[in-house]
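# Working through the structure, step by step
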Amino acid sequence: MNLRQKLHQFFCGCFITSQLVGCHGLGTDTDLHYLGDKDLQYYEDVATKIEYPAVFEETPEEITFSGKPRTLADRSQDEIWDLPLMDAIHLGLANSEVIRVSGTLGTNGNGLLNNPDGTPTIFDPSIQETNVLLGGSRGVEAALSAFDTTFTTNMLWGRSEQVQNSPFFGGIPGGTLTQETGQFQSGLSKTFANGGQFAVSHNWNYTGSNSTSQLFPSNYAGNTGLSYRQPFLAGAGVEYTRIAGPIGSGFTGITGVSQGVVIARINNDLVLADFEKNVRNLVSDIEESYWQMYLAYRLYDTQVVARNSALRSWREAHAKLEAGGTRNFKPADEAQAKDRLFETQSSVQATRSDIYTAESRFRRLVGLPVNDGKIIRPIDDPIAAEFTPDWSMCLTEALVHRVELRKQKWNIKSLEFQHLAATSLTRPRLDLVSSYQVNAFGDRLLSQKNTDGITAQGLHSAYGTLMQNDQDSWSLGFEFSMPLGFRSAHAQVENLEFRLSKARAVLKAQEMDVSQELAITFQDLTKNYATAQSNFNRWRAARRRVELFDAEVQAGTTTLDTLLRAQSSLAAAETEYYRSLVSYNVAIKNLHKWKGTLLKHDNIHLMEGEWNPVAYQQALRRAWARTHGIDAHKLRSKPEPFVAEGFIGEVGVMPGNGETSYTSEQDGLTPDILPVPEPEMSPDYAPPVPVAPVEPAARLEIRNPVNRNPFAPTNADAAIKVVIDAEGEQPAFNIRRVSAQQDELPISDTRDNRELDLRPAKSFVE
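Notes on the structure follow. Owing to the predicted nature of the structure, the values given are computational and were not obtained by experimental measurement.

Conventions and cut-offs
Residues numbered from 1 in each chain as written. Predicted model: local features only at pLDDT ≥ 70, side-chain atom pairs only at ≥ 80, totals over all residues. Heavy atoms only, no water. Helix = DSSP H or I, 4+ residues; strand = E, 2+ residues; numbered from the N terminus. Buried < 20%, exposed > 50% of the residue type's maximum accessible area, 1.4 Å probe, protein only. Areas by Shrake-Rupley, 256 points an atom, 1.4 Å probe, with all protein chains shown as cover. Pairing = 2+ DSSP bridges. Contact = heavy atoms within 4.5 Å. Polar contact = N/O pair within 3.5 Å; in protein donor to acceptor, adjacent residues only side chain to side chain. Patch = residues over 30% accessible without salt bridge, like charges linked within 9 Å, V, L, I, M, F, W, Y side chains within 5 Å. Salt bridge = Lys/Arg side-chain N within 4 Å of Asp/Glu carboxyl O. Arc of directions from axis to C-beta. Axes fitted to C-alpha atoms, helices over the stretch in contact; angles between N-to-C directions.

### Quick word on the overall build of the protein
Summing up its helical and strand segments, the protein has 17 helices and ten strands in all. Here the protein, with 766 residues, has 35% of them falling under the buried criterion. Working note: accessible area of the protein is about 47900 Å², and carbon and sulfur atoms make up 56% of it.

This is the structure in structure tokens:
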């Protein structure tokens, strides 16, 4: 028994012993003892627990060093930041790497926190451009990579010793055959736009052996060859390849026809459309938040004025109560005045807090910290002029410029291309297959001479025989394959036809929704302007009502209750006026948004960043080279374009009565802005008391004809219009900006306010 056999038996015995001991000798109750004393480590009593990733990302200083939020208890005198609307939009765009959505803060539907991967950012177009995953979202670079030249090479060595079943091998019975091998392979392969595949290869195989039956103990055999494969039916041509990508080697495994450069380019356009829509929504949210913050300031000013009026009324009532009362004065009037005072004070506090809330929501949209030592105050006044857009023009613009419609048309174009490529796969696979190679053989790989001393032609150098080119081989033929029935291919074509029909039906429904959205915006625009006019006149009438009742209360001809009701009505009228005015400006913004012209209206344009300067030089060089090339008139050297410079086709809409027809090719799509005919008077103006009207000689009877339009103006509406216009023109009302840092009168104890001077409303504004 030799040493090798003894070692083999020893290791087998150790293995069997360890298995028996592991199965029976070690149990859970067996005590284990180790040398030395150490604390227990590496023991985990649970498999799943909440852990934190080892990721360090420095928090921005504007977040960590942000001041505390403003509250009613905070009376700090912060710097006022008068912010125009255009600066607010510019600030929001500059600070919005991540595009936020209004209305989701503080809710469970906050996508920024719940679904960060789905949150729109400025990086989305670049992510799509560089996406390399297979599927519908493949980027252009990944699609072009299918045409990159591929270089492959490998080198393998081997040695083998094998006893031969021969009594004469090596001169002894049972001799050992020893072989040494080496294999070297290298090649270049390239796929062309027409679907053809071209390859260049260079291979060497080395064999060395102690066999006596060989010409040389060692030799090198190799070749250098070319091969070309060209599809003729399924997957053939430039059109298929640029849509679906190069056809695979196996036709039966259809994985889709959306891997080409054209589909990848359309995928980029789809992401760009989403990015433009997200930017449009961000600008819309910033504008609306800006006007809501303006409204919060106006409502605060209104409540301050109402509170001061209530304070004055309470002081007068309290003074009358202490004096023993006057005519038409009751002790309950003083209590009612105090009730009204605290009611207005709570409204002041609520509206002041609304300013802070509106500012916080605005700061979130434009990417500002919670508190940077400044309080934002809108400086732009809302539009008070009548905006009269033309329905035909607006509908034309909406059908042309809405980004949602453009995105859906890109979907349709993508499906049309895929359907065209899928139709090609309903044909059999017929490929031209060809190859040519030069073979080589030699005792050595390289040698200065070919003479080997054995053969007449000289096989001493393998590369020498390769250069002689007297040993070649070639092949030429066709390769045909087809699935009987083409069930999968036809199913793919039908699937794309159904998807294409769905996409076209969705486009029609989208165009219908676009018109409906625009119609609702038109209605809101008219409604808000009309209510703004009515609320302004109501404000003016309420102001006059307060002045008249105040004079009557001073004269003792009426009770204090009527004056307090008039003051409440005045505050409500002013509040509703500003609400309707802000709603009117929001409706104007929505009109541009649903027309698809909001970004253009705000002078915002989307464009890509600058490339590397070398890229521009290379593109210019290739453009000059192609410009001076010779045109091949009988060859289609340039594919048909699928991208248009602008809108394709013509959108015609039905004109109204007395209107002309407008199309997408007409200019002047901006409606005229007409001045407001009614609210030109300040509420401070007190018109003279009108003379009692003379009774008419006969009653006015208004007949309601059958099938009359209930929304058409009536004679009563015309009469109200005449009465309002008859009051004459007055100076325009000047809207002052409200300060967020104005002082409020402490009224925790009304008895302490009796000695305070009544502060006029103008002291609360700047």
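### Here we look at the pairing of strand 5 (residues 218-231)
Regular strands show a simple pattern: their side chains alternate between the two faces of the sheet. In this structure, strand 4 (residues 197-209) lies alongside strand 5, joined through twelve bridges in antiparallel fashion. Paired with Phe 198 across the bridge in strand 5 is Tyr 228.

### Focus: the environment of Thr 224
Position of Thr 224 among the secondary structure elements: in strand 5. Residue classification places Thr 224 among the partly exposed residues on the basis of a relative accessible area of 29%. Between the alpha carbons of Thr 224 and Ala 440 there is a distance of 8.5 Å; along the sequence they are 216 residues apart. Discounting chain neighbours no more than four positions away, the residues touching Thr 224 are Ser 201, His 202, Tyr 436, Gln 437, Val 438 and Leu 466. Only 2.7 Å separates the side chain of Thr 224 from the side chain of His 202, close enough to count as a polar contact.

### Let's talk about the environment of Thr 451
Inspection of the secondary structure assignment puts Thr 451 in the loop between strand 8 (429-442) and helix 12 (462-468). A relative accessible area of 55% means that Thr 451 is categorised as exposed. As for Thr 451 and Ser 461, which are separated by ten residues in sequence, their C-alpha atoms are 8.3 Å apart. When neighbours within four sequence positions are excluded, Thr 451 is seen to be in contact with Gly 458 and His 460.

### A few points about a nonpolar patch on the surface
A grouping of Ile 122, Phe 123 and Ile 127 is seen on the molecular surface, where their side chains present a nonpolar patch of about 280 Å² in accessible area. Residue position: Ile 122 is located in the loop between helix 4 (111-114) and helix 5 (124-129). Taking the relative accessible area as the measure of exposure, Ile 122 reaches 38% and is therefore partly exposed.

### Thoughts on the side chain of Lys 595
With respect to the helices and strands, the residue Lys 595 is situated in helix 14 (residues 560-595). When sequence neighbours within four positions are dropped, the list of residues in contact with Lys 595 reads Cys 394, Glu 397, Ala 398, His 401, Arg 402 and Leu 518.

### Details of helix 3 (residues 85-94)
Residues Leu 85, Ala 88, Ile 89, Leu 91 and Gly 92 constitute the buried set of helix 3. In an axial view of helix 3, the angular spread of the buried residues amounts to 160°, which keeps them on one side of the axis. Among the exposed residues of helix 3, those pointing more than 90 degrees away from its buried face are His 90 and Ala 94. Looking at the buried side of helix 3, the elements it contacts are strand 1 (79-83), helix 8 (261-322) and helix 9 (331-366).

### Section: unusual backbone geometry
Look at Tyr 42: it is not a glycine, yet its phi comes out positive at around 65°. Residue position: Tyr 42 is located in the loop between helix 1 (3-25) and helix 2 (61-64). Classification of Tyr 42 by relative accessible area gives exposed; the value is 81%. The phi torsion at Asn 603 lies on the positive side, around 60°, for a residue other than glycine. Tracing the chain through its elements places Asn 603 in the loop between helix 15 (598-601) and helix 16 (613-627). Given the relative accessible area of 60%, Asn 603 is considered exposed.

### Describing the sheet that holds strand 3 (residues 176-191)
Pairing within the open sheet is antiparallel, and its six strands lie in the order 2-3-4-5-8-9. Both edges of this open sheet fall to strand 2 (150-163) and strand 9 (472-481), since each of them pairs with a single strand only. Averaged over all pairs of adjacent strands, the angle between their axes in this sheet comes to 15°, without regard to strand direction. Here strand 2 runs beside strand 3; their pairing, made up of 14 bridges, is antiparallel.

### Considering the pattern of salt bridges
This model, assessed by the stated rule, comprises 26 salt bridges. The partner of Glu 44 in a salt bridge is Lys 49, with the nearest N and O atoms 3.9 Å apart. Among the ionic pairs, Glu 517 bridges to Arg 402, the shortest N-O distance being 3.1 Å. Pair noted here: Glu 517 is in helix 13 (residues 487-555) and Arg 402 is in the loop between helix 10 (391-401) and helix 11 (403-424), with a separation of 115 residues, a long-range link. Classification of Glu 517 by relative accessible area gives partly exposed; the value is 30%. Beyond isolated ion pairs, a larger network of salt bridges with shared partners links Arg 70, Asp 78, Glu 359, Arg 363 and Asp 372.

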